[in-house]
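Structure assessment
Chain residues, written in single-letter form:
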Amino acid sequence: MSAPSIVWLRDDLRVADNPALHAAMERGEPVVVVYVLDDESEGVRPLGGASRWWLHHSLAALDESLRAIGVTLTLRRGAAAAAITQLVADVGAGAVFWNRRYGHGPRQVDAGLKAGLRDGGVVADSFQANLLFEPWTIQTGQGQPFKVFTPFYRACLDRPEPRQPLDEPRSLTAPAASVASDALDDWGLLPTRPDWAAGLRETWTPGEAAALDTLEDFATGALADYGDRDFPAQEATSRLSPRLRFGEISPFQIWHRMRGALPDASRERAQSFLREVVWREFNHTILFTSPDLATVSYRPEFESFPWADVPESEIDAWRHGRTGVPLVDAGMRQLWTTGWMHNRVRMVTASFLIKNMLVDWRVGEAWFWDTLVDADEANNPANWQWTAGSGADAAPYFRVFNPVLQASKFDQHRDYIRQWVPEVDDDDYPEPLVDLKASRRAALDAYETMRRTPVETEQS
Ligand code: FAD
């Protein structure tokens, strides 16, 4: 009797460069590939709406790729440890393989499951697949995690070159008996009433094949313009973020593509692009050591920040791009329509909410979590905390982005603003929700108040 291998996919919805899938292939027994929709496990953050939309389409694409090599995608729903344990029993599995994730809650789930499976005599192995550098391998001379990006980056570059990507398995064997699976359509991942996903459908094609095309197009095209990456009207960045978030592509594939043949004009840009990819690694390292990154300020003094009591209607004006500040409105509408926002504008919109409206960074983080297709449990809170000044290696709080100056510098001809806020020059375009100068002053006063508040520690 064969004892199939289970491959449990999570943030790695790809067939190529997938060490867990590779391990199952090498083991030689029939293979069951499963994705578990887990909205129940403690400490595992349920996906937001835009991410659910992406997940639906990415899973559909993955199922097609798997069918082409001989297996199908099994879908289960519920607390992951129980769902996998059940699947092991259903198919009489002899091994379970997965690729690692780095948040505290997910790690707890995985560690508990691994111990339980091994106790029951089932092989359980996890692999490095989604980060180039495991968080515990990049440390200061004193053996501590880095809190500052540049030395972290240097330490990464001092490590041996990341491994080459693994090939995709040519063929896998499914178990003889069929395996019970949910139907993807029954999961309700897509919006119905209202259907807000038209702009997402127009903008994106989720799935591994499209992810690889995106990388190739970028390497041979826009990478040459990466020096202009701060200009939101230009398509100078890769747009690989949702691909990396769902693991449709691995950072190893990206790394080695950037080290491979490139047009001359792009060669020196490739390193500045990889530096951004390493920011993702840095943020995951911070997440690894800060279980509450999305809910607690990394710098404890920010827990006493005197946030304003802002009416929900004003926060809604920010969410839906009706603040009367053109660059902020443009960014928030790009986000709502496409599920993605340009990085420079993410900083400006976040700074406006936190520092001009004096709204707690967690409110904005939650909105981005729900609306971004690349919403990532490390990158989203870490970048919100970066903007708030409460994070590791963060922008200082007193550096308040002026959205008008930012627009004149990075969107000089208002191409980006006009694309998203066509009525910007009309008489009825609203006055700014807040006075930029006065609100900046109020933010700096609030910051001073915080600085005078003693930090509560466990001893005090
Ligand atoms: P590129 O410039 O092509 O960069 C390549 C890759 O490097 C990106 O796909 C991403 O994985 C990584 N990267 C680039 N910039 C950063 C950065 N500042 N921090 C960490 N990794 C980076 N990024 C997310 O992936 N998920 C999020 O939830 C997220 N939330 C953010 C919230 C705020 C308030 C801010 C200011 C930034 C946020 N970012 C987030 C970071 C950044 O804006 C996006 O990664 C980037 O805009 C994605 O576009 P791109 O793939 O074209 O970037």
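In this text, all values refer to a predicted model and were calculated from it rather than measured experimentally. (Residues numbered from 1 in each chain as written. Predicted model: local features only at pLDDT ≥ 70, side-chain atom pairs only at ≥ 80, totals over all residues. Heavy atoms only, no water.)

Here's the deal with the overall build of the chain
Put simply, the test is: Only DSSP runs of H or I reaching four residues or more are called helices, and only runs of E reaching two or more are called strands; each is numbered from the N terminus. Both definitions apply: the radius of gyration is a C-alpha atom measure, and the globule rule equals 2.2 Å times residues to the power 0.38. Any residue under 20% of the maximum accessible area for its type is buried, any over 50% is exposed, and the rest in between are partly exposed; the area is computed with a 1.4 Å probe on protein chains only. The contact rule is simple, with two residues in contact once any of their heavy atoms fall within 4.5 Å. Only the protein chains shown count as covering a residue, and every accessible area follows the Shrake-Rupley method with a 1.4 Å probe. Only four residue types enter the charge count, namely Lys and Arg as positive and Asp and Glu as negative; His and the chain termini do not. For the purpose of locating charges, the reference atoms are NZ of Lys, CZ of Arg, CG of Asp and CD of Glu.
Within the chain one finds 18 helices and five strands. Against the 2.2 N^0.38 benchmark of 23 Å for 460 residues, the chain shows a C-alpha radius of gyration of 23 Å, consistent with a compact globule. Projected onto its principal axes, the C-alpha positions of the chain cover 75 × 55 × 50 Å. Taken across its 460 residues, the chain has 54% of its residues classed as buried. Residue pairs at least 24 apart in sequence account for 81% of intrachain contacts in the chain once pairs closer than 6 positions are excluded. Per element, the accessible surface of the chain, about 20300 Å² overall, is 49% carbon and sulfur. With 47 positive and 66 negative side-chain charges, the chain shows a separation of 5 Å between the mean positions of the two kinds.

Some words on the site of the ligand
Heads up, the condition is: Proximity is defined per residue: any heavy atom of the residue falling within 4 Å of a molecule or strand makes that residue near it. A 3.5 Å cut-off defines polar contacts: any pair of N or O atoms within that distance qualifies, except that in protein one atom must be a possible hydrogen donor and the other a possible acceptor, and neighbouring residues in sequence count only when both atoms are side-chain atoms. Only Asp, Glu, Lys and Arg are considered charged in this grouping, and only Ala, Val, Leu, Ile, Met, Phe, Trp, Tyr, Cys and Pro are considered nonpolar; every other residue, Gly among them, is considered polar. An automatic or database domain assignment supplies the residue ranges for each domain.
Surrounding the ligand, one finds 28 residues, the nearest of these being Tyr-226, Thr-237, Ser-238, Arg-239 and Asn-343. Thr-237 has a polar side-chain atom sitting 2.7 Å from an oxygen atom of the ligand. Protein burial of the ligand: of its 820 Å² of free accessible surface, 96% is covered by the chains. Only α8 (241–246), α10 (264–289), α13 (343–356) and α15 (379–388) provide two or more residues apiece to the shell around the ligand. Take the shell around the ligand: its biggest share by element is six residues, from α10. For the shell around the ligand, a count of residues per class yields 14 nonpolar, eight polar and six charged. Lining the shell around the ligand are residues from two domains, each supplying at least three of them: domain 2 (131–164 + 208–289) and domain 3 (300–451).

Let's talk about the sheet that holds strand β4 (residues 95–99)
Using the following cut-off: Following DSSP output, two strands are said to pair if at least two bridges run between them. Angles run from 0 to 180 degrees between N-to-C directions of axes, and those axes are lines fitted to C-alpha atoms, restricted for helices to the stretch in contact.
Taken together, the five strands give an open sheet; going across it, the order is β3-β2-β1-β4-β5, and neighbouring strands pair in parallel fashion. In this open sheet, the two strands that pair with only one neighbour each are β3 (73–77) and β5 (123–127). This sheet shows a mean twist of 25 degrees between the axes of neighbouring strands, independent of strand direction. When strand β2 (residues 31–37) meets β3, the two strands line up parallel, connected through five bridges. Opposite Tyr-35, over in β3, you have Leu-75 as the bridge partner. Each of β1 (5–9), β2, β3 and β4 is contacted by helix α3 (residues 80–91), which is oriented at about 155 degrees to β2, the strand it contacts most.

A look at the domain arrangement of the chain
Selection criterion: Put simply, buried area is the surface a 1.4 Å probe can reach on two separate parts but cannot reach once they are joined, added for both. Note on definitions: salt bridges are taken to be side-chain nitrogens of Lys or Arg within 4 Å of carboxyl oxygens of Asp or Glu.
Each domain of the chain was delimited in the assignment, giving domain 1 (5–130), domain 2 (131–164 + 208–289) and domain 3 (300–451). Using only C-alpha atoms to locate each centre, domain 1 and domain 3 end up separated by 36 Å. Facing the 11 residues of domain 1 at the interface are nine residues of domain 3. Between domain 1 and domain 3 lies a buried interface of about 750 Å² when both sides are counted; carbon and sulfur atoms form 47% of it. If you sort the residues of domain 1 by the area they bury against domain 3, Arg-45, Ala-50 and Ser-51 come out on top, with a joint share of 58%. In this assembly, domain 1 and domain 3 are joined by one salt bridge. Residue Glu-365 is joined to Arg-45 by a salt bridge in which the shortest nitrogen-to-oxygen separation is 2.8 Å. Counting residues per element, the side of domain 1 that touches domain 3 draws most heavily on helix α2 (residues 49–68), at five residues. Split by residue class, the side of domain 1 that touches domain 3 holds six nonpolar, four polar and one charged.

Description of the side chain of Thr-285
Here Thr-285 is to be found in helix α10. The class for Thr-285 is buried, based on a relative accessible area of 2%. Of the polar contacts made by the side chain of Thr-285, one reaches the backbone oxygen of Glu-281; its length is 2.9 Å.

Some points on the environment of Asp-125
Mapped onto the secondary structure, Asp-125 falls in strand β5. Exposure remark for Asp-125: the relative accessible area of 29% places this residue in the partly exposed category. On a C-alpha basis, the gap between Asp-125 and Thr-74 in space is 19 Å, while along the polypeptide they are 51 residues apart. A polar atom in the side chain of Asp-125 sits 3.2 Å from the side chain of Arg-118.

Observations regarding the pairing of β2
To be explicit about the condition: We call a crossover right-handed when, viewed with the strands running away from us, the connection from the first strand over the helix to the second turns clockwise.
The buried fraction of β2 is high, at seven of seven residues. Of the strand pairs in this sheet, β1 and β2 are connected by five bridges, and their pairing is parallel. What sits directly across from Trp-8, in β2, is Val-34. Crossover connection from β1 via helix α1 (residues 19–27) to parallel β2: handedness right-handed. In terms of handedness, the path from β2 via α2 over to β3 forms a crossover that is right-handed.

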